[in-house]
Amino acid sequence: MQSAKRTLWFLILSCISIAAYGQTTTGSLSGTIIDPNGAAVPGAAVEAKETATGRAYKTNATDAGLYVFPNLPVGVYSIAAEHTGFKKSVQTDIEIRVALRQM
């Protein structure tokens, strides 16, 4: 399969992990970037963009394809992942809440 035609898929394994500590107003998001064959995509660029404000938070996947956004303000987000040789993938309507773990 040609790498230009491969589609980057990302699976949010731990879709939303949120911890509430005192008066916190943030949550967290983590997941794994994988290709269509289930292999990790190390170094993929991952962006969480808050729908209401347009504010973007960026990180890169580890060698195992894992990514974490540890402190996102509560709200609705779109999550985009991209890497050279793969098509950009976007998930929308990801809701971050305090004291909620969504799978």
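The structure contained in this document is the topic of the report that follows.

The rules behind these values
Residues numbered from 1 in each chain as written. Predicted model: local features only at pLDDT ≥ 70, side-chain atom pairs only at ≥ 80, totals over all residues. Heavy atoms only, no water. Helix = DSSP H or I, 4+ residues; strand = E, 2+ residues; numbered from the N terminus. Buried < 20%, exposed > 50% of the residue type's maximum accessible area, 1.4 Å probe, protein only. Contact = heavy atoms within 4.5 Å. Pairing = 2+ DSSP bridges. Axes fitted to C-alpha atoms, helices over the stretch in contact; angles between N-to-C directions. Core = buried A, V, L, I, M, F, W, Y, C linked by side-chain atoms within 4.5 Å. Phe/Tyr/Trp six-rings, centres within 6.5 Å; stacked < 30°, edge-to-face > 60°. Salt bridge = Lys/Arg side-chain N within 4 Å of Asp/Glu carboxyl O.

## Comments concerning the overall build of the protein
1) Next: For the protein, the helix and strand inventory stands at zero helices and seven strands.
2) Next: Listing every helix and strand of the protein by position from the N terminus yields β-β-β-β-β-β-β.
3) Next: Per-residue burial for the protein yields a buried fraction of 33% across its 103 residues.
4) Next: Counting only contacts in the protein whose residues sit at least 6 apart along the sequence, the fraction spanning at least 24 positions is 56%.

## Details of the sheet that holds strand β4 (residues 56-60)
1) Next: Strand order in the open sheet formed by four strands is β4-β3-β6-β7, with antiparallel pairing between adjacent strands. The open sheet has two free edges, formed respectively by β4 and β7 (89-96), since each of these has just one partner strand. Neighbour-to-neighbour, the strand axes of the sheet open up by a mean angle of 20 degrees, direction not taken into account.
2) Next: As paired elements, strand β6 (residues 75-82) and β7 share six bridges and run antiparallel to each other. Looking at β7, one finds that Val-76 is bridged to Glu-95.

## With respect to the nonpolar core
1) Next: Among the nonpolar cores identified, the biggest contains 17 residues, and Leu-29, Ile-33, Phe-69, Leu-72 and Ile-79 are the most heavily contacted of them.
2) Next: Among the secondary structure elements, those contributing two or more residues to this core are β2 (26-34), β3 (45-50), β5 (66-73), β6 and β7.

## Focus: the packing of aromatic side chains
1) Next: For the coordinates displayed, the defined rule picks out two aromatic pairs.
2) Next: Between Tyr-67 and Phe-69, the aromatic rings sit 6.0 Å apart at their centres with planes inclined by 65 degrees, giving edge-to-face as the arrangement.

## Notes on unusual backbone geometry
1) Next: Phi is positive for Asp-93, which is not a glycine, with a value near 60 degrees.
2) Next: Summarising the element assignment, Asp-93 is placed in strand β7.

## Section: the pattern of salt bridges
1) Next: All chains considered together, the criterion is met by two salt bridges.
2) Next: Across the salt bridge formed by Lys-58 and Glu-47, the nearest N and O atoms sit 3.8 Å from each other. With Lys-58 in strand β4 and Glu-47 in strand β3, the pair connects residues that are 11 residues apart, well separated along the chain.
3) Next: Its relative accessible area of 66% is what places Lys-58 among the exposed residues.
4) Next: Between Arg-97 and Glu-95 there is a salt bridge, and its shortest N-O distance comes to 3.1 Å.
5) Next: Classification of Arg-97 by relative accessible area gives partly exposed; the value is 42%.
6) Next: Given a relative accessible area of 34%, Glu-95 falls into the partly exposed group.

## Digging into the side chain of Asp-35
1) Next: Within the element layout of this structure, Asp-35 appears in the loop between β2 and β3.
2) Next: Here Asp-35 falls in the buried class, since its relative accessible area comes to 9%.

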